[in-house]
Amino acid sequence: MGSLIPTPTDLEICDILNKRFSTKRDPADPQGRSYIEHLRALFAVNNFLDNKHHLHRVAHLLAVSVTGGPSVPAVKKHRLRWFHLLHKLLPRETDQAIRDVLTTVLKNPNGNIAYAVFLARPAPIGLDFEIYPQNSGQPYVTWDPQGNSYCQVFLDCKVDRDLPDPAPGEEHDPPDKDPVEILIPGPKKKAKKKKSAKKTTKSSAKKSSLKKKKSSAKKKKAVGKKAPAKKAKKAKKGRSRR
Amino acid sequence: MLFSDRLSEQEALEAKEAGRERLLEMLVSDFQKTFPDLMFQVLLDSSIINAMALRLHDKRNVMIYGGLALHPRLAANSLTFILLHETGHHLAEGCRLVRDPALACECAADHWAATTGANLLQQRSGRCLRLDAAVLELSVIMSTRQKLNKRYARKLSTSACWAKTWTFRSTALLEQTRPPTNVGCCVTYA
């Protein structure tokens, strides 16, 4: 899908899912597999798309497994709306269709899905939200210019208004853990450099001033020691010139 | 398009009263004549301020939603450019869109619209695009909607893509700058 005006929040959601279901190398996989191959291996061990798992929680886990920390969308207000859509606003049939399509993408029984891409679009459909085509649960598979077949996951939206904000406390950020939680490893966070604490208590101030005095005294001493040697060198040079 | 901006009913009414629907009909007719392999749709029921190119079951679709088609600040030149840009996603060569490898990227679509697309449209339908007028009209709605968000500034600054902000984009359009061709230079938010 190409659009005239980029909608950053939509693009954040789509791009993070696209990356998680892409053939790019997953930095969090010790075996060096792609994002989707790593996800397929994790899914084979733990079906995180069964009805024991909430979609909004799964979306959060998938996002943080790519970012290594922050969830998506980055703006909290939008994030809560996104979680609310997946948690409360999707019709039951659509929730199930998402699980079915993604399960097929991850099981890949016909071996014809190299990767998946996600997008949302307005469409004249029956329910408020549907997964194309008509919540059938069948993945829509097409081909890219390189001849790879891939799945396009369209979230069709009939509702022509902004996504509503959840009531206060209705959605949690991050969403509550599911009873059987899946662990999707993400990239390790870069360790932040610890800044030295700058406390200005009287005692520490005294200590620091003492240290400064000592160090400056040492410097003076050192300078004093070096100075005669330098003078001697200069003197030597002068003699040799003569 | 879950988080897109929408046009108010009052603004849509303003454009309808000014004969916008007739203009849209003529535009679609000219585009259909020029690019018969593509399908052009004006979806006035949607208040989303946007347009979209989509390939579905090997059909190449261009959709312009009501929020953009009926925007009172836009006129013939900007609407022509919008349709050319979306057509460019299907017909331009070069860099592909990260989100859909079947389509050309934003920069390639813009450049195609301003050059090849505009020429084809004029030759086959007689409709002439005044690019400076289109950019001026679009600036009213794009300058506030396509700003360089601080949150993504670092990610976007490493990209050669000039479709990341309207400032770069409008300059590139007017100067007809060639789009970047290196793989992976397109804007992404992940």
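Right above here is the structure, for reference.
Numbering of residues starts from 1 in each chain and follows the order in which that chain's sequence is written. By the order in which they are written, chains take letters starting at A while ligands take numbers starting at 1. Two thresholds apply to this predicted model, a pLDDT of at least 70 for residue-level local features and 80 or more for giving and counting side-chain atom pairs, whereas whole-chain, interface and lining totals are computed over all residues.

**Digging into the overall build of chain B**
A tally of helices and strands in chain B yields 8 helices and 5 strands. Each helix (α) and strand (β) of chain B, taken in turn from the N terminus, gives the series α-α-β-β-β-α-α-β-β-α-α-α-α. This entry defines residue contacts through backbone-placed C-beta atoms, with two residues in contact when those atoms are within 7 Å. Taking the contacts inside chain B whose residues are at least 6 apart along the sequence as the reference set, 61% of them involve residues at least 24 apart. Elements are defined by DSSP. Helices are runs of H or I of four residues or more, strands are runs of E of two residues or more, and each kind is numbered from the N terminus.

**Brief notes about the overall build of chain A**
Summing up its helical and strand segments, chain A has 6 helices and 5 strands in all. Seen in sequence order, chain A has helices and strands lined up from the N terminus as β-α-α-α-α-α-β-β-β-β-α.

**Notes on the packing of helix α4 (residues 76-91) of chain B against helix α6 (residues 131-145) of chain B**
Residue and element names in this part refer to chain B. Remark: α4 packs on α6, axes separated minimally by 7 Å, with the N-to-C direction vectors making an angle of 95°. By the angle between their directions, the pair α4 and α6 is classed as roughly perpendicular. Side by side, α4 and α6 meet where N77, S78, T80 and F81 of the first sit next to A133, A134, E137 and L138 of the second. In terms of residue class, the contact of α4 with α6 is built from 4 nonpolar, 3 polar and 1 charged. Only the contacting stretch of a helix is used when fitting its axis, a line to C-alpha atoms as for every element, and angles between N-to-C directions run 0 to 180 degrees. Each angle gets one of four labels, with under 35 degrees taken as roughly parallel, over 145 as roughly antiparallel, 65 to 115 as roughly perpendicular, and the rest as oblique. Nonpolar residues are Ala, Val, Leu, Ile, Met, Phe, Trp, Tyr, Cys and Pro. Charged residues are Asp, Glu, Lys and Arg, and all others, Gly as well, are polar.

**A closer look at the sheet that holds strand β2 (residues 51-56) of chain B**
We call two strands paired when DSSP finds no fewer than two bridges between them. Across the sheet, 4 strands lie side by side as β1(A)-β2(B)-β3(B)-β1(B); this open sheet has mixed pairing. Strands at the two margins of the open sheet, each flanked by one partner only, are β1 (2-3) of chain A together with β1 (38-43) of chain B. Taken together, the 2 bridges between β1(A) and β2(B) define a ladder with antiparallel strand orientation. Bridging from a neighbouring strand, A:G2 pairs with B:A53 of β2(B).

**Points about helix α5 (residues 92-107) of chain A**
All names here are of chain A. In this scheme, a helix's expected span is set at 1.5 Å multiplied by one less than its residue total. Look at α5: 22 Å from first C-alpha to last across 16 residues, which is about the 22 Å you get at 1.5 Å a residue. Three exposure classes are used, all based on how many other C-beta atoms lie within 10 Å of a residue's own C-beta (placed from the backbone): buried at 20 or more, exposed at 12 or fewer, and partly exposed between those limits. For α5, every residue scored as buried is listed here: T94, A97, I98, R99, V101, L102, V105 and L106. Of the surrounding secondary structure, the elements contacted by the buried residues of α5 are α2 (35-45), α3 (55-67), β2 (116-122), β3 (129-131) and β5 (149-157). Two residues or fewer after α5 comes N108, characterised by a positive phi angle close to 50°.

**What about the packing of α6(B) against helix α8 (residues 166-175) of chain B?**
Residues and elements named next belong to chain B. Running from N to C, α6 and α8 cross one another at 175°; their axes reach a closest spacing of 11 Å. Taken together, the axes of α6 and α8 lie roughly antiparallel to each other. Residues L131, D132, V135, S139, M142 and S143 of α6 lie in contact with α8, whose contacting residues are W166, S170, L173 and L174. By residue class, the composition of the contact of α6 with α8 is 6 nonpolar, 3 polar and 1 charged.

**Section: the environment of B:F35**
Looking at where B:F35 falls in the secondary structure, it is placed in the loop between α2 (20-34) and β1. For the pair formed by B:F35 and B:L121, sequence separation is 86 residues and the distance between their alpha carbons is 8.4 Å.

**Topic: the pairing of β2(A)**
Looking along a regular strand, one sees the side chains alternate between the two faces of the sheet. All names here are of chain A. Within β2, 7 of the 7 residues are buried, which leaves it mostly tucked inside the rest of the structure. Side chains of β2 alternate between two faces, with A116, F118, A120 and P122 and V117, L119 and R121 buried alike. As paired strands, β2 and β5 are joined by 7 bridges and run parallel to one another. Of the residues in β5, the one forming a bridge with A116 is C151.

**What about the interface of chain B and chain A?**
Of the residues lining the interface, 38 residues belong to chain B; the matching set on chain A comes to 31 residues. Mapped by element, the contributors of at least two residues to the side of chain B that touches chain A are β2, α4, β4 (96-97), β5 (100-104), α5 (106-125), α6 and α7 (150-157) of chain B. For the side of chain B that touches chain A, the per-class residue count stands at 20 nonpolar, 9 polar and 9 charged.

**Overview of the pairing of strand β4 (residues 140-143) of chain A**
All names here are of chain A. With 4 bridges joining them, β4 and β5 adopt antiparallel strand pairing. Its bridge partner being in β5, W143 is matched across the sheet by S149. Between β4 and β5, which pair antiparallel and follow one another directly, the connecting turn spans 5 residues, one of which, G147, has a positive phi of 90°.

**Thoughts on helix α4 (residues 76-89) of chain A**
Note: α-helices contain 3.6 residues per turn, so residues at a spacing of three or four share the same orientation. If you check α4(A), its first and last C-alpha atoms are 18 Å apart, about what 14 residues at 1.5 Å a residue would give, namely 20 Å. Against α1 (8-20) and α3 of chain A lie the buried residues of α4(A).

**Considering the nonpolar core**
The biggest cluster of nonpolar side chains holds 107 residues, and the ones touching the most others in it are A:A116, B:I64, B:L83 and B:A104. Looking at this core element by element, the count peaks at 8 residues for α5(B). Note on terminology: a nonpolar core is any set of buried Ala, Val, Leu, Ile, Met, Phe, Trp, Tyr and Cys residues joined through C-beta atoms within 7 Å.

**Focus: the environment of B:R178**
Residues and elements named next belong to chain B. The topology assignment puts R178 in the segment after α8. On the basis of neighbour counts, which here come to 12 C-beta atoms within 10 Å, the residue R178 falls in the exposed class. Put simply, R178 and S78 are 100 residues apart on the chain and 21 Å apart in space, counted from C-alpha to C-alpha.

**Brief notes about unusual backbone geometry**
Residue and element names in this part refer to chain A. Cis geometry marks the peptide bond from V72 to P73, where omega comes out at 0°. Tracing the backbone through its elements, the reader meets P73 in the loop between α3 and α4. Its identity as a non-glycine residue notwithstanding, N108 has a phi of 50°, on the positive side. Assignment of secondary structure puts N108 in the loop between α5 and β2. On the neighbour-count criterion, N108 (16 C-beta atoms within 10 Å) is partly exposed. Look at Q134: it is not a glycine, yet its phi comes out positive at around 50°.

Interpretation in functional terms is not warranted from these geometric data alone.
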